[in-house]
Amino acid sequence: MEYKNPHIPENINTSKEHPLKDFSILLIGSIVLLLIGTVTLAFGGGWLASKIPFSAEIKIANMYDLSDDTDDDSAPELTAYLQSLTDKISEAQKLPDGMKVTAHYLDDNTVNAFATIGGHIFMYRGLLEKLPNENTLVTLLSHEIAHVKYRHPIKSLGSGIIVSIGIAALTGGTDSNIMGETGMLTVLKFGRDMEQQSDEAAAQTLYALYGHLNGGAELFEIFHNMREEMGAGESYEMFSTHPLDEDRIENFSTIAKIEGWEEIGELTPLPDFYRSALKSRDRAHQKLSAGTK
Amino acid sequence: MYELILTVVLVSLGYIFGRRAESKHYKSIIMREKEMNTLPAMASRRPPSDGHYDQALVSGSVVIANDYFKSFVAGLRNLFGGQMRSYETLLDRARREAVLRMKQEAKTLGAEAIFNVKYETSNISGQTRKKMPVIEVHAYGTALTKYGI
Amino acid sequence: MFISNLEFMTGKTVQQHLGLVQGSSVRAKHAGKDIVAGFKNLFGGELKAYTELLHESREEATERMIEQAKAVGANAVLNVRYSTSSITAGAAEIYVYGTAVVLDGIDD
């Protein structure tokens with residue numbers, strides 16, 4: 001009998017494959033899986049949230065004490081004007097029973113406006129200052145009210161919460177702060193389809209109230225100019241949830257053509273107190289903040 | 001974001017150093033295996049019936065840990081299932097190293113062959129997901145030395 | 001390739017002992033099956049997914065051992081032993097080893 005110990009060739013019990021190949025396949029696979037999972041969760045969360053009755057949404061909104069923090073009651077005339085327009089638009093958009101939209105005025109330079117849960121819409125002074133006439137203001141308000149009408153804020157919040165629960169479950173993180181962030185309510189992201197839906201509703205409302213669409217597209221021009229000023233251009237379209245401003249302007253005139261609505265017509269001026277309310281408020285605010293410093 | 005950067009850094013460090021250590025280890029294993037070729041190790045329990053031998057229990061063990069890159073790949077692999085290639089080399093190295101250490105011990109005894117070799121593999125890191133696997137391989141057998149030399 | 005966990009093959013003589021040959025395989029089931037298995041833990045019963053997993057692993061490990069044995073010129077592996085070890089949660093290694101031998105009077 002003979003005892004030998006010949007050398008066994010390598011790579012029988014180990015694979016010849018480069019480890020980075022396995023790694024990249026797995027990494028791409030998990031990213032795809034993660035994306036699919038996130039989209040599914042976001043969609044499911046949005047769908048579930050849209051089943052929440054509006055009355056419950058108001059209760060959720062009250063949990064955050066939205067109005068206490070933000071309300072600016074030093075421009076009562078302006079707030080009342082915004083509210084009266086809001087009520088008029090709400091009627092024109094035929095909001096469901098029990099859905100009440102509250103307009104808020106925020107004394108800040110930000111050129112923006114947003115809608116959040118509980119039927120609250122917020123207008124920044126920065127944007128209000130740039131509006132040339134009532135028709136444009138109504139377009140803006142209609143757009144935000146349409147968000148409320150179509151339940152976009154609660155859908156977006158629902159998606160956000162479900163996705164963050166999913167991520168927390170996956171990473172094993174114990175993020176107990178899922179519902180606790182008030183900041184989240186002001187940066188709710190609406191999808192492009194939501195923005196488009198609201199734009200269309202805004203066009204309809206504008207026509208219903210004034211009989212023509214003049215002044216509507218100017219709202220998007222304001223955003224467009226602002227972005228050009230900031231130098232951001234439109235190159236970030238991929239990352240932005242809002243459709244391109246130019247597309248929105250075009251979209252507006254497309255609606256006009258399809259429906260046969262006039263794009264020209266008499267513009268309604270803003271009331272006399274509008275500018276002065278914004279201006280005086282501005283100065284008073286500056287004095288106030290200077291005083292407190 | 002901070003965590004992501006940390007993970008990327010750890011994975012790339014794990015890859016660079018782990019790969020370097022692995023190829024170094026393999027070189028040394030292959031070299032020593034050639035040296036030890038004269039001392040065969042067998043799983044058989046029956047020693048040759050001719051002649052008389054001195055018997056001695058010899059063993060070699062090694063504890064080896066995975067690098068971060070391999071653990072990361074294994075974690076992803078756990079999601080999809082299938083062959084865990086990143087562990088293959090780890091275990092292969094550990095087993096061959098354990099046998100080499102056992103043979104080294106037998107050689108100092110002047111043994112001719114090792115019979116009834118058995119392996120014992122144990123995970124000594126605990127079962128929690130977060131812990132990196134630490135694996136011990138223990139190889140043992142009976143070394144036979146020619147009687148009366 | 002003749003594989004046995006006996007020391008010998010009846011009626012044949014061992015011509016050459018060629019030392020240890022081994023095969024190993026580490027496998028994991030995908031996360032979905034892990035979750036199903038987690039539920040099964042509640043009620044007991046066979047974890048089919050894992051039975052399958054270990055079976056596949058064992059076949060692969062045996063294949064690899066045979067490949068090694070062929071590479072050193074053996075025609076049989078005797079005294080074969082299997083061992084199973086858990087590497088991480090959800091992944092198991094199957095290890096098989098034996099003595100590669102050349103038996104008299106066997107082709108292949």
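**A look at the overall build of chain B**
Step number 1: The number of helices and strands found in chain B is three helices and four strands.
Step number 2: Start at the N end of chain B and walk to the C end: the helices and strands fall as α-β-α-β-α-β-β.
Step number 3: The contacts of chain B with a sequence gap of at least 6 include a subset with a gap of at least 24, amounting to 80%.
Step number 4: Surface exposure of chain B reaches about 7,900 Å², of which carbon and sulfur atoms provide 58%.

**Quick look at the interface of chain C and chain B**
Step number 1: With 31 residues of chain C in contact, the opposing surface of chain B contributes 27 residues.
Step number 2: Buried surface at the junction of chain C and chain B, both sides included, amounts to about 2,600 Å², of which 50% is carbon and sulfur.
Step number 3: Considering only the surface of chain C that becomes buried against chain B, Leu20(C), Val26(C) and Ile87(C) emerge as the three largest contributors, covering 21% of it.
Step number 4: Joining chain C to chain B, the criterion identifies three salt bridges.
Step number 5: We note a salt bridge from Arg45(B) to Glu7(C), for which the minimum N-O separation is 2.9 Å.
Step number 6: Linking chain C with chain B are 16 residue pairs in polar contact (both at pLDDT 80 or more).
Step number 7: For the side of chain C that touches chain B, the secondary structure elements donating two or more residues are strand S2 (14–29), helix H1 (31–43), helix H2 (48–71), strand S3 (76–88) and strand S4 (91–103) of chain C.
Step number 8: It is S2(C) that provides the largest number of residues to the side of chain C that touches chain B, a total of 10 residues.

**A word on the environment of His138(B)**
Residues and elements named next belong to chain B.
Step number 1: Among the secondary structure elements, His-138 is positioned in strand S4 (residues 134–146).
Step number 2: Residue His-138 is classed as partly exposed on the basis of its relative accessible area, which comes to 25%.
Step number 3: Separated by 17 residues in sequence, His-138 and Thr-121 place their C-alpha atoms 6.4 Å apart.
Step number 4: With residues near it in sequence (within four places) discarded, His-138 still touches Ser-59, Gly-60, Ser-61, Lys-118, Tyr-119 and Glu-120.

**Structural notes on the pairing of S2(C)**
Step number 1: Of all 16 residues making up S2(C), 15 are buried, and the element is well covered by its neighbours.
Step number 2: In terms of strand pairing, strand S1 (residues 2–3) of chain A meets S2(C) through two bridges, oriented parallel. If you follow Tyr3(A) over to S2(C), its bridge partner there is His17(C).
Step number 3: The pairing of strand S2 (residues 81–83) of chain B with S2(C) spans three bridges and is antiparallel. Counterpart to Gln83(B) in the pairing with S2(C) is Arg27(C).
Step number 4: Sheet analysis places S2(C) next to S4(C), joined by 12 bridges and oriented antiparallel. Looking across to S4(C), one finds that Gln22(C) is bridged to Tyr97(C).

**A look at the sheet that holds strand S4 (residues 120–124) of chain A**
Residues and elements named next belong to chain A.
Step number 1: Here we have three strands laid out as an open sheet, ordered S2-S4-S3, and mixed in their pairing. Of all the strands in the sheet, just strand S2 (102–106) and strand S3 (113–116) have a single pairing partner and so form its edges. Averaged over neighbouring strand pairs, the angle between their axes works out to 20° when direction is ignored.
Step number 2: One ladder, built from five bridges, connects S2 with S4; its direction is parallel. What sits directly across from Ala-103, in S4, is Ile-121.
Step number 3: Sitting on the sheet, helix H4 (residues 76–92) is in contact with S2 and S4, with an inclination near 145° to S2.
Step number 4: Along the sheet, helix H6 (residues 134–149) contacts S3 and S4; its crossing angle with S4, the most-contacted strand, is approximately 150°.

**Considerations on unusual backbone geometry**
Step number 1: At Lys94(A), a position not held by glycine, the phi torsion is positive, near 50°.
Step number 2: You can call Lys94(A) exposed: its relative accessible area is 67%.
Step number 3: Positive phi is not limited to glycine here, since Asn116(B) has a value of about 55°.

**Side note on the packing of helix H1 (residues 2–35) of chain B against helix H3 (residues 85–108) of chain B**
Residues and elements named next belong to chain B.
Step number 1: Viewed as axis vectors pointing N to C, H1 and H3 meet at an angle of 35°, and their least axial separation amounts to 10 Å. For the pair H1 and H3, the sense of crossing is left-handed. Contact with H1, carried on its side by Glu-22, His-25, Tyr-26, Ile-29, Ile-30, Arg-32, Glu-33 and Glu-35, involves Thr-89, Asp-92, Arg-93, Arg-96, Glu-97, Leu-100 and Lys-107 of H3 and no other residues of that element.
Step number 2: Considered class by class, the residues forming the contact of H1 with H3 number four nonpolar, two polar and nine charged.

**Considering the packing of H6(A) against helix H9 (residues 192–210) of chain A**
All names here are of chain A.
Step number 1: With their axes 8 Å apart at the nearest point, H6 and H9 run at an angle of 135° to one another. Judged by the inter-axis angle, H6 sits oblique to H9. The handedness of the crossing between H6 and H9 is right-handed. Along its contact with H6, which presents Glu-134, Asn-135, Val-138, Thr-139, Ser-142, His-143, Ala-146 and His-147, the element H9 presents Met-194, Glu-195, Ser-198, Asp-199, Ala-201, Ala-202, Thr-205, Leu-206, Leu-209 and Tyr-210.

**A short note on the side chain of Thr99(C)**
Step number 1: Along the polypeptide, Thr99(C) turns up in strand S4.
Step number 2: Here Ala43(B) takes part through its backbone nitrogen, which lies 2.7 Å from a polar atom of the side chain of Thr99(C).
Step number 3: A distance of 2.8 Å separates the side chain of Thr99(C) from the backbone nitrogen of Ser44(B), its partner in a polar contact.
Step number 4: Excluding its chain neighbours within four sequence positions, the residues that come into contact with Thr99(C) are Met42(B), Ala43(B), Ser44(B), His17(C), Gly19(C), Ala76(C), Val77(C) and Leu78(C).

Conventions used here
- Residues numbered from 1 in each chain as written.
- Chains lettered and ligands numbered in written order.
- Predicted model: local features only at pLDDT ≥ 70, side-chain atom pairs only at ≥ 80, totals over all residues.
- Heavy atoms only, no water.
- Helix = DSSP H or I, 4+ residues; strand = E, 2+ residues; numbered from the N terminus.
- Contact = heavy atoms within 4.5 Å.
- Areas by Shrake-Rupley, 256 points an atom, 1.4 Å probe, with all protein chains shown as cover.
- Buried area = accessible area lost by both parts, 1.4 Å probe.
- Salt bridge = Lys/Arg side-chain N within 4 Å of Asp/Glu carboxyl O.
- Polar contact = N/O pair within 3.5 Å; in protein donor to acceptor, adjacent residues only side chain to side chain.
- Buried < 20%, exposed > 50% of the residue type's maximum accessible area, 1.4 Å probe, protein only.
- Pairing = 2+ DSSP bridges.
- Axes fitted to C-alpha atoms, helices over the stretch in contact; angles between N-to-C directions.
- Left-handed = near helix turned anticlockwise from the far one by under 90°.
- Nonpolar A, V, L, I, M, F, W, Y, C, P; charged D, E, K, R; others polar.
- Parallel < 35°, antiparallel > 145°, perpendicular 65-115°, else oblique.

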